[in-house]
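Here's the letter readout for the chains.
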Amino acid sequence: MALSLPNLGLGIGWRAQLAHAILNRPDIGFVEILAEDYFLNEAIPAPLQTLHDRGVHIIPHGVGLNLGGAEAIDPARLAALGELAQRMQAPFVSEHIAFVRAAGLETGHLLPIPRTPAMLDILVENIRLAEAALPVPLVLENIAILFDWPNAEMDEAAFLNAICERTDAMLLLDLENIYANARNLGGDPVALLDRLPLERVAYVHVAGGYEANGIFHDTHAHPLPEDVVALVEALYARAAVPGVMLERDDRFPDDAELNTELDAIVAAMQRGNIERHERGFAHPVLSDA
Amino acid sequence: MIATSREAIAKTQADLVRALVHGAAIPAGFDEQRVRAVARSLVNKRRQALARIWPSLVKRVGDSFVAKFTEYGQTHPLPSSANALTDGRAFLAWLAAQEPPTDGLRIEALAYDLRWRETPLGLCRRGGFGIKIARLPQSGKWLLGLRTPWRGDRWWGMPSGD
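The rules behind these values
- Residues numbered from 1 in each chain as written.
- Chains lettered and ligands numbered in written order.
- Predicted model: local features only at pLDDT ≥ 70, side-chain atom pairs only at ≥ 80, totals over all residues.
- Heavy atoms only, no water.
- Helix = DSSP H or I, 4+ residues; strand = E, 2+ residues; numbered from the N terminus.
- Rg over C-alpha atoms; globule rule 2.2 N^0.38 Å.
- Buried < 20%, exposed > 50% of the residue type's maximum accessible area, 1.4 Å probe, protein only.
- Contact = heavy atoms within 4.5 Å.
- Areas by Shrake-Rupley, 256 points an atom, 1.4 Å probe, with all protein chains shown as cover.
- Core = buried A, V, L, I, M, F, W, Y, C linked by side-chain atoms within 4.5 Å.
- Buried area = accessible area lost by both parts, 1.4 Å probe.
- Salt bridge = Lys/Arg side-chain N within 4 Å of Asp/Glu carboxyl O.
- Phe/Tyr/Trp six-rings, centres within 6.5 Å; stacked < 30°, edge-to-face > 60°.
- Lys, Arg positive; Asp, Glu negative; His and termini not counted.
- Polar contact = N/O pair within 3.5 Å; in protein donor to acceptor, adjacent residues only side chain to side chain.

Chemist: Which parts of the structure should I look at to understand the overall build of chain B?
Modeler: Along chain B, the regular secondary structure elements total 6 helices and 5 strands. When the helices and strands of chain B are listed from N to C terminus, the series reads α-α-α-α-α-α-β-β-β-β-β. Computed over the C-alpha atoms, the radius of gyration of chain B is 20 Å, more than 25% above the 15 Å expected from 2.2 N^0.38 for a compact globule of 162 residues. Along the three orthogonal principal directions, the C-alpha set of chain B runs to about 60 × 35 × 25 Å. Looking at chain B residue by residue over its 162 residues, the buried ones come to 43%. Excluding contacts between residues fewer than 6 apart, the proportion of contacts in chain B whose partners are at least 24 apart in sequence is 40%. Summing over all exposed atoms, chain B offers an accessible surface of approximately 8700 Å²; the carbon and sulfur share of this is 54%.

Written out as structure tokens, the structure is:
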């Protein structure tokens with residue numbers, strides 16, 4: 001089942017340090033905000049209000065819901081996420097397929113969960129609980145991992161397909177995480193795209209990282225790798241997903257450098273759209289971004 | 001059935017978190033080198049987040065910031081609000097327990113305490129009226145901080161340069 005989603009186009013993770021560049025790009029269709037930063041602050045910051053008034057969608061993106069945790073979901077966090085979605089008039093909210101805390105210990109990090117039938121049952125139960133409590137659809141993101149659980153019985157594509165079959169959740173496809181996982185744990189990112197339910201993708205993340213000691217770190221603080229831009233093109237050649245956004249969280253570039261990356265993303269979306277039309281792919285065309 | 005597997009997975013998740021946060025034994029079967037790499041990156045990530053959100057604290061701690069924060073981070077997990085500012089405030093408290101704080105570090109702590117309130121959902125900016133009076137440890141000067149709904153936070157007696 002595919003929910004009707006707005007055409008988002010180009011997006012970016014909202015950061016105050018990037019406000020000038022974001023406000024000066026009329027083609028920005030959506031921004032993502034770190035949900036937990038806004039749970040308790042009543043006022044919407046003025047630049048975000050300006051974007052909202054222009055019709056830019058504001059998507060609350062949570063990191064603390066712990067959907068992949070085997071412990072019970074905290075109803076207070078769920079309620080806060082729902083209230084924020086209403087305050088921002090968001091079309092949906094997003095969270096991660098991950099766990100972040102256990103036994104009262106916070107890690108501040110998105111950690112992998114075991115891809116087993118037992119974990120899938122728990123995750124599906126958590127997602128359904130969240131979906132029932134939230135006033136808007138829930139969109140789930142694949143994470144970057146440096147290690148896997150030893151007892152994994154499914155690969156990532158099989159696990160994501162199973163989640164989509166058993167819940168109404170949409171996907172936030174993080175192409176940089178797919179790229180990083182392929183580099184760190186093996187696998188072919190394009191072959192993975194071919195096995196994913198792309199009609200369930202609500203939007204896409206791209207970002208940069210760097211390699212140290214044989215490990216590619218997903219930092220959101222380094223330039224966007226060309227291989228990740230190529231994955232945007234490969235994705236759009238397969239399906240017209242509603243939007244792609246850049247995440248940049250540190251070592252902020254100047255406006256010109258940021259705009260070059262955003263332009264590269266838009267160009268990749270356009271090239272992919274052309275390829276898709278030329279090849280006449282069977283995937284449903286939701287929109288022409 | 002789900003309840004049983006929830007318990008089993010919850011236990012391994014807890015063991016994994018203890019390995020990452022407290023340096024406890026890594027659960028069987030996990031790639032030890034990679035889990036340790038993540039454990040190291042967690043403290044670095046907290047330090048970088050703090051430096052981004054609270055640069056004046058970093059400046060006042062000075063050259064030893066990285067070494068001191070790493071020592072603190074390895075022995076103290078992220079506060080439950082998972083917020084970098086709260087982490088910074090806990091770091092200041094840890095520093096003050098190690099050695100007498102400088103005036104600058106005391107000022108940072110007071111400014112935080114006047115402005116922020118910790119809740120289970122994270123940090124909340126304090127509203128209404130608030131007051132902080134303290135004697136600075138080095139100069140012995142008195143500092144007064146006052147929060148009002150219409151003017152926000154104001155300080156009197158702040159040493160020059162602050």
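From this point, the narrative continues.
Chemist: Can you walk me through the nonpolar core in this structure?
Modeler: Grouped burial of nonpolar side chains is what soluble globular proteins tend to show. With 105 residues, the main nonpolar core has Val31, Leu173, Leu175 and Val206 of chain A as its most contacted residues. Take this core: its biggest share by element is 8 residues, from helix α1 (residues 2-22) of chain B. Setting aside chain neighbours within four positions, we find Leu175 of chain A in contact with Leu193, Val204, His205, Val206, Val228, Leu231, Val232 and Leu235 of chain A. If you look at the next biggest cluster of nonpolar residues, it comprises 19 residues, including Val43, Trp94, Leu95 and Ala109 of chain B.

Chemist: I tried to follow the interface of chain A and chain B on my own but got confused; where do I start?
Modeler: One frequent convention defines the size of an interface as the accessible area lost when the parts assemble. With 41 residues of chain A at the contact, the number on the chain B side is 36 residues. When chain A packs against chain B, the two sides together hide about 3300 Å² of surface, and 67% of this comes from carbon and sulfur. On inspection of chain A and its partner chain B, the count reaches 2 salt bridges. Of the charged contacts in the structure, one is a salt bridge between Arg6 of chain B and Glu125 of chain A, with a shortest N-O distance of 2.9 Å.

Chemist: Just to check I follow, could you spell out the packing of aromatic side chains for this structure?
Modeler: Any two aromatic rings considered together are summarised by their centre-to-centre distance and by the angle between their planes. Residue and element names in this part refer to chain B. On inspection of all chains with the given rule, the structure shows 14 aromatic pairs over all chains. Their ring planes at 70° and their centres at 5.1 Å tell us that Phe69 and Phe91 sit as a pair that is edge-to-face. With Phe69 in helix α4 (residues 65-75) and Phe91 in helix α5 (residues 84-98), the pair connects residues that are 22 residues apart, well separated along the chain. Classification of Phe69 by relative accessible area gives buried; the value is 0%. Ring centres 5.9 Å apart and planes at 55° place the aromatic pair Tyr72 and Trp94 in the tilted group. Pair noted here: Tyr72 is in helix α4 and Trp94 is in helix α5, with a separation of 22 residues, a long-range link. Residue Tyr72 is classed as buried on the basis of its relative accessible area, which comes to 1%. For Trp94, a relative accessible area of 11% puts it in the buried group. What links up through ring pairs into an aromatic cluster is the set Phe65, Phe69, Tyr72, Phe91 and Trp94.

Chemist: How do you make sense of the side chain of Glu247 of chain A when you look at a structure like this?
Modeler: All names here are of chain A. Its location among the elements puts Glu247 in strand β12 (residues 243-247). Of the side chains with opposite charge, Arg15 comes closest to the buried, unpaired Glu247, at an N-O distance of 5.6 Å. Side chain to side chain, Glu247 and His205 meet in a polar contact 3.2 Å long. Contact partners of Glu247, with chain neighbours within four places excluded, come to Glu32, Asp174, His205, Val206, Ala207 and His220.

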